[in-house]
Amino acid sequence: MPYLTRDQASDQPYCFVMPDQESPLRVFARQVRGAREAAGWRQKDLAEKSGVSEESIKRYENAKQSNPDADRVIAIVRVLRINPIEALAVLGYTREDLD
């Protein structure tokens, strides 16, 4: 979780992530990459099986997709046999978001 603080010298605000806390995007990225590698697939294989573009797979695995689309997340995790509800919860989605 990011924390907002101020630089003591310049009094400028800045944001940082505590090193002992992993961001939700990084947790999801680690889950996807780990499951894909365990299946012996390349990113291209996962893209073909899930119907999500290879470029999107790369962004998800590198935690570069700031607002992951729930439908794409579900398509990816179902192919990887990751529980979709747990994956979406990690990313901060609630049941109301999915209705």
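Note that the coordinates shown come from a computational prediction; the quantities given were computed from them, not determined experimentally.

(A) Fine view of the overall build of the chain. When helices and strands are counted, the chain shows six helices and two strands. The helix and strand sequence of the chain, counted from the amino end, reads β-β-α-α-α-α-α-α. A total of 99 residues make up the chain; the buried ones form 30% of that total. Pairs at least 24 residues apart make up 42% of the contacts formed inside the chain by residues separated by at least 6 positions. Summed over its atoms, the accessible surface of the chain is roughly 6,800 Å², and 47% of this surface lies on carbon and sulfur atoms.

(B) Broad picture of the side chain of Glu61. Turning to its location among the elements, Glu61 is positioned in helix 3 (residues 54-61). Residue Glu61 is classed as buried on the basis of its relative accessible area of 2%. Reaching out from Glu61, the side chain makes a polar contact with the side chain of Arg36 at a distance of 2.5 Å. In this view, Glu61 contacts Ala29, Val32, Arg33, Arg36, Gln43 and Leu46; residues no more than four positions away in its chain are not counted.

(C) Geometry of the layout of surface pockets. Computed from the structure, the largest pocket encloses a volume of approximately 150 Å³. Lining the largest pocket we find Ser23, Pro24, Leu25, Ser66, Asn67, Pro68, Leu91 and Tyr93. Its residues assigned to classes, the lining of the largest pocket comprises five nonpolar, three polar and no charged.

Definitions and cut-offs
- Residues numbered from 1 in each chain as written.
- Predicted model: local features only at pLDDT ≥ 70, side-chain atom pairs only at ≥ 80, totals over all residues.
- Heavy atoms only, no water.
- Helix = DSSP H or I, 4+ residues; strand = E, 2+ residues; numbered from the N terminus.
- Buried < 20%, exposed > 50% of the residue type's maximum accessible area, 1.4 Å probe, protein only.
- Contact = heavy atoms within 4.5 Å.
- Areas by Shrake-Rupley, 256 points an atom, 1.4 Å probe, with all protein chains shown as cover.
- Polar contact = N/O pair within 3.5 Å; in protein donor to acceptor, adjacent residues only side chain to side chain.
- 1 Å grid on protein atoms, 1.4 Å probe; cavity = no way out; pocket = protein on both sides within 12 Å on 5 of 7 lines; lining within 4 Å.
- Points joined across faces, edges and corners; volume = space filled by probe spheres on them.
- Nonpolar A, V, L, I, M, F, W, Y, C, P; charged D, E, K, R; others polar.

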